[in-house]
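So the chains spell out like this:
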Amino acid sequence: MLSSTKVTLPVIIIFLMLLGACQASSGGKGSAANKAKDATPTINLEVSSAKVDSAAHFLTKDLIVSQKNMAAPYLFVSAKASIDEKGQGELLIPLVAIDTPAWLSVKHPHLTQFFTYQVDLPDSQLKNLLKQQMALVDVVDPQKRRKSASHISYVQTAKVLDQLYTQGANDADEYQHYGALINSSATQFSIWAPTATRVEIKLYDSNKQPIEGGQVSLTEDKNTGIWRGLSVRAPQGTYYRYQMSVYHPQTLQNEKVWVTDPYSLSLSTNSLYSQVVDLSHQSTKPKGWDEQMVATLDSPEQLILYETHIRDFSASDKTLSDPSQAGKYAAFSQAHSDSINHLKALREAGLNTVHLLPTYDITTVDELPANLIKLTDSIASICQRYSQLSLCTAGHDASQSLENVLSSFEPSTAKAQAVIEQIRALDPYNWGYDPYHYTVPEGSYALNPEGLSRLVEFRQMVLRLHQLGFRVIMDVVYNHTFAAGLHPKSVLDKVVPGYYHRLNPVTGAIEQSTCCDNTASEHRMMAKLMLDSLIVWSRDYKIDGFRFDLMGHQPKDLMLEARAEVQKVDPDTYFYGEGWNFGEVANNAQFVQATQSELAGTEIGTFTDRLRDAIRGGSSFVSGNDIRVGQGLGNGLVTAPNELHNAQNREQMMQEYLLSLDQARIGLAGNLAIFPIENAQGENVFGRDIDYGGAPTGYALDPADTVNYVSKHDNQTLWDNNQYRIASELSTGQRVRMQILSLAYPMLAQGIPFIHMGSELLRSKSFLRDSYDFGDWFNKVDFSKQSNNYNVGLPPADKDQANWDVIGKILSQNEGRDNVNAQHIEFAFERFRELLAIRSSTPLFSLQTADQIIRRTKFLNTGPEQTLGLIVMSIDDPYSRDLDPNIEQMIVIFNNNIETQTFDFSDAGKFTLHPVLKRSQDPHMKNVVTSTNSFTVPGLTVAVFVR
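Structure report, in brief. Predicted, not measured: the structure shown is a model, and the values here were computed from it.

What counts, and where the lines are drawn
Residues numbered from 1 in each chain as written. Predicted model: local features only at pLDDT ≥ 70, side-chain atom pairs only at ≥ 80, totals over all residues. Heavy atoms only, no water. Helix = DSSP H or I, 4+ residues; strand = E, 2+ residues; numbered from the N terminus. Rg over C-alpha atoms; globule rule 2.2 N^0.38 Å. Buried < 20%, exposed > 50% of the residue type's maximum accessible area, 1.4 Å probe, protein only. Contact = heavy atoms within 4.5 Å. Areas by Shrake-Rupley, 256 points an atom, 1.4 Å probe, with all protein chains shown as cover. Lys, Arg positive; Asp, Glu negative; His and termini not counted. Charge placed at Lys NZ, Arg CZ, Asp CG, Glu CD. Pairing = 2+ DSSP bridges. Axes fitted to C-alpha atoms, helices over the stretch in contact; angles between N-to-C directions. Parallel < 35°, antiparallel > 145°, perpendicular 65-115°, else oblique. Left-handed = near helix turned anticlockwise from the far one by under 90°. Nonpolar A, V, L, I, M, F, W, Y, C, P; charged D, E, K, R; others polar. Phe/Tyr/Trp six-rings, centres within 6.5 Å; stacked < 30°, edge-to-face > 60°.

Attention shifts here to the overall build of the protein. Each helix and strand in the protein was counted, giving 23 helices and 46 strands. Taken against the 2.2 N^0.38 rule, which gives 30 Å for 947 residues, the C-alpha radius of gyration of the protein at 31 Å falls within 12% of a compact globule. The principal-axis extent of the C-alpha atoms belonging to the protein is close to 100 × 65 × 60 Å. Burial status across the protein gives 63% buried among its 947 residues. Put simply, of all contacts in the protein between residues at least 6 apart along the chain, 73% involve residues at least 24 apart. In the form shown here, the protein has an accessible surface area of approximately 33,700 Å², with 49% of it arising from carbon and sulfur atoms. Treating the 82 positive side-chain charges of the protein as one cloud and the 105 negative ones as another, the clouds have centres 4 Å apart.

Written out as structure tokens, the structure reads:
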């Protein structure tokens, strides 16, 4: 084992000089080489004082690069994976320093400044050496029999593995039968493990007991690195695991590991065993599966996305016919529950797509119900299982439910969050951004998580949503895994250690900029795993599109390839995701990323933070008073300033306000880079010229590039965000109107609207910024519309303790004006349904090309003389081939002011209020006035006029 001060690796080094291999005389780049005249059978290499890193990379079969400029570079290889202080090992190969090839900066820009060394090995020998420990060593005096190493760099080998095994016409990435494939007479097991020295499959029955004769040694195909084996004892339903012998860079030792199948299609409870399954078999399908119809759309711009967490959807629903279905797939098959009735009402108004937060197999929720703590559990039941909890010694009535105990706490205190913090690892809640197995439905959402049952239950949910008229989008997380190394829940990094994850180029540690262990989808077999997984979800589970978590951590080319492959199965699939630019791959440091700007014009959508921030205000990463001071258009910036805005910062706030207005206008125009507009300074510019923190506001080239939102699972809900920022004197009614006005922006914008489930119900998480693992208490959604879950206790200290003081101050200053009742929630819901109906009533809100938007959309009330608080958008349809035969022009007015505003327009008398708004029960609609030459719109209202 090598460390920074002392190196240990075995004791036998045979110094081999390869025929024709050369050693640079000086070790400098491009220096002349001398042929070795002899080979020494045993070399003692002193390594105890050598510096150690992992900054060597085997890029191609003839090229190694290293951060260190080595005077006498040798490649050390050890089958025993050990160099000790005696400095003995199995193989020492001299390298030749060469000039950096020109292609290196193109293919591996992050390694451009590294030093390059040539190696000459036959493919067959190199493949064998890659199964062993490899290090690049700088030998102090190569002419002496007793040698010393001044520097040791362990070798990262992912790139050369790709060259050797995935760049041929018919090798590892063309193979289509990874995992367990049931044939007519036997089941074939296949796994790509080119660095393994031994692979066996172990078979188990339904009780997880070993099957007699169920141990099969797999055979490696040296060309592909694929290990295969057949068994006649593995019919559908058989459980299995792999046992592998492999060198692991985490421990610097040869390891024997147990691991599930990265290509698993079914699993046991808690994913301890993979299961053999044929997804086309009728036993895996609910009734009606093969006959189901899926709603179609003419273009992706017609999508209206509703982000739903499976547990949130029904965990708090008291109207389920079977309470055991709460938080489960099965709740979507209810006939008349509050949650289903809510979905039906939204569908009737025009909602067409349900986006499910991750529902592949996740890591952190125990799938055994008996191990879980739920809000409905009694204190006695909880403490019988987990007596160590402080909840059990606090004197609570043992017959009370946990929910009742939490409700008894004073909301202004931290008591509720302290209980949730203690139990959150034991509750049934997680968002699911913790991948375990990518291509199996999550078991904790199933009534029966064991084996095939969860597959049927998941399919039943998808079938039910399709029957309700929805398309189904699945949230996928191929950018990281929850675990790596030899962690019990590591999979990929046990199968091919150091390959599936992106390693730091110097330390060799797995990069974790995403939150967890970043995967390396730039490596071909990680890319293939993603591609194959997506095809299964699309083909076998009828998923209609995919939302990609942290998509910017993946190559653009891969995203385009993935969509093309899925389109072969489902031609109208839609891809979108987070195109954020950060981390070790930022600014295309390692490859061209799938970021906002790079995906422009591809019709792969990216969430736009431009419109979001203009409406919500501030930044997602600040705390305390910095949150409150950052008002946006949707919560009173300039038009209703809170107490932190005064004459001293008025000018700065006005500049921010005018910029936010222009950013919002570009957002309403599909975030197009080339959309023409008069900016606040009176200049005629394009969307790309409007500043967004040093980046262009407009970056899209097609409306399908843009997904518009003001709230999603991340960060505070829209309601909580607004309460942080709204001036304390504003009434409850005004706060509700701010919520609906904010939602109107994505709903009436070009591009694709994205709605966070419950935002139409004023959903609150009691100010919690990141509720990913904080249970039903903070994540509750009440579809009975009695409560919005606001102020149920200070949010957890882990995420929000720095905000407790400002929350307390806000709650005190608001004097209850931030508390809503059932009438407020119902009012918000009906106004949102109107927005859905308006958007769905005409194709003019879902224009399909940039040219259509530029020709038909314009903004009035712009420039330096604009009336503050008003955004006025015109959408025209005057052409001979009308998109909407019933409409010649629409005027949309967003009045962000508290007070009524009048906007002069010469042809106003030719317009009438949109038919949906004519029927509205909103009393403000009675005060919308259209005169001969002006429109009058009440405060905090959006009005749509048509002619």
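The next point concerns the sheet that holds strand β18 (residues 219-221). The strands making up a sheet associate through backbone hydrogen bonding, with each pair oriented either parallel or antiparallel. Ordered in space as β14-β15-β19-β18, the 4 strands form an open sheet in which the pairing is antiparallel. Of all the strands in the sheet, the pair left with one neighbour each is β14 (179-182) and β18. The average undirected angle you get between the axes of adjacent strands in this sheet is 25 degrees. In this sheet, strand β19 (residues 226-231) lies alongside strand β15 (residues 187-192) in antiparallel orientation, the contact comprising 6 bridges. For Q188, the partnering residue across the bridge sits in β19 and is L230.

Let us look at the packing of helix α13 (residues 609-616) against helix α15 (residues 650-668). Across the interface, α13 lies against α15 with an axial gap of 8 Å and an inter-helix angle of 135 degrees. Classed by the angle they form, the pair α13 and α15 counts as oblique. As for how α13 packs across α15, the hand of that crossing is left-handed. Packed against α13, whose contacting residues are L611, A614 and I615, the element α15 presents S660, Q663, A664 and G667 at the interface. Residue classes in the contact of α13 with α15 are distributed as 4 nonpolar, 3 polar and no charged.

Between helix α16 (residues 718-725) and helix α17 (residues 732-747), whose axes approach to 10 Å, the crossing angle comes to 125 degrees. Put simply, α16 runs oblique to α17. For α16 against α17, the interelement crossing comes out right-handed. Contacts from L718, W719, N722 and Q723 in α16 reach R735, V736, M738, Q739, S742 and L743 in α17. Across the contact of α16 with α17, the residue classes tally to 5 nonpolar, 4 polar and 1 charged.

Counted under the stated rule, the structure contains 39 aromatic pairs. With centroids separated by 4.9 Å and ring planes inclined at 65 degrees, the aromatic side chains of Y204 and Y273 adopt a geometry described as edge-to-face. Of this pair, Y204 sits in strand β16 (residues 196-204) while Y273 is found in the loop between β21 (253-259) and β22 (274-275), placing the two residues 69 residues apart along the sequence. Each member of the pair, Y204 as well as Y273, is classed as buried. Here the aromatic rings of Y576 and F607 are separated by 5.9 Å at their centres, their planes lie at 70 degrees, and the arrangement is edge-to-face. Of this pair, Y576 sits in strand β31 (residues 574-577) while F607 sits in strand β32 (residues 605-607), and the two are 31 residues apart along the sequence. Y576 gets classed as buried once you look at its relative accessible area, which sits at 0%. For F607, a relative accessible area of 0% puts it in the buried group.

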